[in-house]
Amino acid sequence: MSDDETDPELLTLLRSSLGLGTDSPVDAPPDTGVLGSALHIYNNSIDVAISMAGTRAAAALLHRQMQQRDYSTAAWRAHELHPKSKDAATADFIFTTDLLNFCFWSERGAAERFAVEYRGRRWTGYWSLVACLQRALDEDIPITTPSFWRNEADCPDSLLHHVFRSATAEEMPLLRERIDCLREASLVLSQSFASSVAVLIASASHSAAALVNRLAASFPCFNDVHRFEGREVRILKRAQIFVADLWAAFDGEGYGRFGDIDSITMFADYRVPQMLHHLGVLSYSPPLASHIRSLKPIPSGHAWEIQLRGNAIQAVELLKRQIHSAHPDAKINAILIDFFLYDVAKERERELERKRQFGGEGGEGGEEMPHHRTRSIWY
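Residues numbered from 1 in each chain as written. Predicted model: local features only at pLDDT ≥ 70, side-chain atom pairs only at ≥ 80, totals over all residues. Heavy atoms only, no water.

Trainee: Looking at this model, I keep getting lost on the side chain of His63. Mind explaining?
Mentor: Relative to the elements of secondary structure, His63 occurs in helix 3 (residues 52-68). Taking the relative accessible area as the measure of exposure, His63 reaches 11% and is therefore buried. Residues in contact with His63, not counting those within four places in the same chain, are Ile323, His327, Ala330 and Ile332. (Helix = DSSP H or I, 4+ residues; strand = E, 2+ residues; numbered from the N terminus. Buried < 20%, exposed > 50% of the residue type's maximum accessible area, 1.4 Å probe, protein only. Contact = heavy atoms within 4.5 Å.)

Trainee: Is there a simple way to think about the pattern of salt bridges in this case?
Mentor: Close approach of charged atoms lets side chains of opposite charge pair. Following the criterion strictly, the structure yields 12 salt bridges and no others. Of the charged contacts in the structure, one is a salt bridge between Glu139 and Arg165, with a shortest N-O distance of 2.7 Å. With Glu139 in the loop between helix 6 (126-138) and helix 7 (146-150) and Arg165 in the loop between helix 8 (157-163) and helix 9 (175-192), this pair connects stretches of sequence that are 26 residues apart. Judged by its relative accessible area of 27%, Arg165 is partly exposed. Note that Glu317 is salt-bridged to Arg321, the shortest N-O span being 2.9 Å. Of this pair, Glu317 and Arg321 are both found in helix 15 (residues 303-326), 4 residues apart, which corresponds to roughly one turn of the helix. Exposure remark for Arg321: the relative accessible area of 21% places this residue in the partly exposed category. (Salt bridge = Lys/Arg side-chain N within 4 Å of Asp/Glu carboxyl O.)

Trainee: What's the story with the pairing of strand 4 (residues 225-228) in this structure? I'm lost.
Mentor: Each regular strand displays side chains that alternate between the two surfaces of the sheet. As judged from the 4 bridges shared by strand 4 and strand 5 (residues 231-234), these two strands associate in the antiparallel manner. Its bridge partner lying in strand 5, Val225 is registered against Arg234. Between strand 4 and strand 5, which follow one another and run antiparallel, lie 2 residues, and Glu229 among them has a positive phi close to 45°. (Pairing = 2+ DSSP bridges.)

Trainee: I would appreciate a short explanation of unusual backbone geometry in the present structure.
Mentor: Outside of glycine, negative phi angles account for most residues, and trans bonds account for most peptide bonds. Phi at Ser195 is positive, roughly 55°, even though this residue is not glycine. With a relative accessible area of 31%, Ser195 lands in the partly exposed category. With a phi close to 45°, Glu229 is a non-glycine residue in the positive phi region. You can call Glu229 exposed: its relative accessible area is 54%.

Trainee: What exactly am I supposed to notice about the packing of aromatic side chains here?
Mentor: Here a ring pair, both rings aromatic, is described through the centre-centre distance and the interplanar angle of the planes. The tally for this structure, following the rule as stated, stands at 11 aromatic pairs. With 6.4 Å between their ring centres and 10° between their planes, Phe95 and Trp149 make a pair best called stacked. With a gap of 54 residues between them, Phe95 in helix 5 (residues 88-99) and Trp149 in helix 7 connect regions that are remote in the sequence. Note on accessibility: Phe95 and Trp149 belong to one class, buried. Ring plane angle 50° and centroid distance 5.9 Å describe the contact between Phe95 and Phe222, whose orientation is recorded as tilted. In this pair, Phe95 sits in helix 5 while Phe222 sits in the loop between helix 11 (208-218) and strand 4, placing the two residues 127 residues apart along the sequence. As far as burial versus exposure is concerned, Phe95 and Phe222 are alike and both buried. One aromatic cluster is present, built from ring pairs that chain together Phe95, Trp149, Phe193, Phe219, Phe222 and Phe242. Positioned above the aromatic ring of Trp123 is the side chain of Arg121, whose terminal nitrogen or guanidinium carbon lies 3.7 Å from the ring centre. One Lys or Arg, Arg375, reaches over the ring of Trp105 and ends 3.7 Å from the middle of that ring. (Phe/Tyr/Trp six-rings, centres within 6.5 Å; stacked < 30°, edge-to-face > 60°. Lys NZ or Arg CZ within 6 Å of the ring centre and 35° of its normal.)

Structure below.
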């Protein structure tokens, strides 16, 4: 719940967006259920709170910074490791990436953690995965072709270990689970979508929510659904980010054309909640804060973890609506806010690491709250 007086205008905007208090038409568009789940989590949270004053201040700051950077989907396409073509191969690349886009944090130091050497530098985190895929394609390994994953004669586990090899002694986290995701997804695509990511996308008829629901219903490894305080809650991080990445990569056209793209929420992981805490939007109970500062793991599905993820979704929705309330013409949605917060979080991480290397202040033992630690295929 909120740690200060609830802002009626913000909550009215949010409830309106969810259709609460209004008659729902029979032909209502698809609904992922993520926002409704986030509201339930928010209303029943005791260890994570959203500050309405912090939300207003952060919304003003984020809008100003995003305007200054002219932030848009172009930021996704601009990165050197992301594909640039707008074709089925890029859709395959994005599907493969988001199928495996989870759990990159390490308990080891920067020099020892899992990293990938590619194009003259070392990549960590999400970019280590993208680098693995690009490196494999350079080696003529069709790693982004779903039918390839199913054929264990051509694509044995040993080859996948080679594709995801590390430049350090630490193996890619949850590598066995990633291999299982590839095998499982290839089977589902073969049985239901003619082994084609393009067919999967087309089956949603340009509806972002429909595609998210299709992924969750058809692929167990995308079904990021849990229970919290007596009901099922849908978070669906990787299913949603697949849709968002398509939208960004194709600039809202072709495979990335969705009439309801604004139905997508932020992608509840561990970096964005960390940034929301830094911005004063999220606050934690003393036991949870102490647990996170001590770098102790939180099991997947634990009430603390669900509160962190659900309140992050709720908070970004409130940030979006606060920005639109103050700036009706702002071309900002939850996807862009999430992308921006993630980029800023990584910039801060690099700066803090630089300070640690040169004896400056900062780091996980000081005022900076570290991200929570959960080993999970969901994010």
